[in-house]
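Structural overview for review
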Amino acid sequence: MILDGRVVNSCLVLAVDANGSKVTTIEGLGEVSHPHPLQKAFAEHGAIQCGYCTPGMIISAKALLDRNPNPKEGEIKTSLAGHLCRCGGYLKIIGAIQSVVERRDL
């Protein structure tokens, strides 16, 4: 999740510690009828696959693009460090994020 502009592991944050903070989770990004550009790009590029890593990858990508709307590939990879894609679909994930950057869709 994004907590006051920083990506954090939600399982390591006590609710009381988030009190009064701005919290963004995958559920807060878009709706089924109007997905966030990153959610749409992940679907279009086949980056969702099993879905295990998708929420964390999208949240980390959003935090990156909030800080830097034009990241290089290396910066995208660094922002995803610590996430495990069980399907090994990192190229599709990186491609989806790059497509949002290229479209300047945020």
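Residues numbered from 1 in each chain as written. Predicted model: local features only at pLDDT ≥ 70, side-chain atom pairs only at ≥ 80, totals over all residues. Heavy atoms only, no water.

Attention now moves to helix α2 (residues 37-44). Within the sequence span of α2, burial applies to Pro37, Leu38, Gln39, Ala41 and Phe42. In the stretch just after α2, glycine 46 is the one whose phi turns positive, near 65°. (Buried < 20%, exposed > 50% of the residue type's maximum accessible area, 1.4 Å probe, protein only. Helix = DSSP H or I, 4+ residues; strand = E, 2+ residues; numbered from the N terminus.)

The full count for this structure, using the stated rule, is zero aromatic pairs. Lying over the aromatic face of tyrosine 52, arginine 86 brings its terminal NZ or CZ to 4.0 Å of the ring centre. (Phe/Tyr/Trp six-rings, centres within 6.5 Å; stacked < 30°, edge-to-face > 60°. Lys NZ or Arg CZ within 6 Å of the ring centre and 35° of its normal.)

Closest axis-to-axis distance for the α2/helix α3 (residues 54-67) pair is 10 Å, and the angle between their directions is 130°. For the element pair α2 / α3, the angle class is oblique. As for how α2 packs across α3, the hand of that crossing is right-handed. Counted together, Leu38, Gln39 and Phe42 of α2 and Thr54, Met57, Ile58, Ala61, Lys62 and Leu65 of α3 form the full contact between these two elements. (Axes fitted to C-alpha atoms, helices over the stretch in contact; angles between N-to-C directions. Parallel < 35°, antiparallel > 145°, perpendicular 65-115°, else oblique. Left-handed = near helix turned anticlockwise from the far one by under 90°. Contact = heavy atoms within 4.5 Å.)

Turning our eyes to something else, we now look at the nonpolar core. Among the nonpolar cores identified, the biggest contains 24 residues, and Leu38, Phe42, Met57, Leu80, Ile93 and Ile97 are the most heavily contacted of them. For this core, the secondary-structure elements that each account for two or more residues are α2, α3 and α5 (90-103). It is α3 that provides the largest number of residues to this core, a total of seven residues. Contacts of isoleucine 93, omitting those with residues within four sequence positions, involve Phe42, Ala47, Cys53, Met57, Leu80 and Cys85. (Core = buried A, V, L, I, M, F, W, Y, C linked by side-chain atoms within 4.5 Å.)

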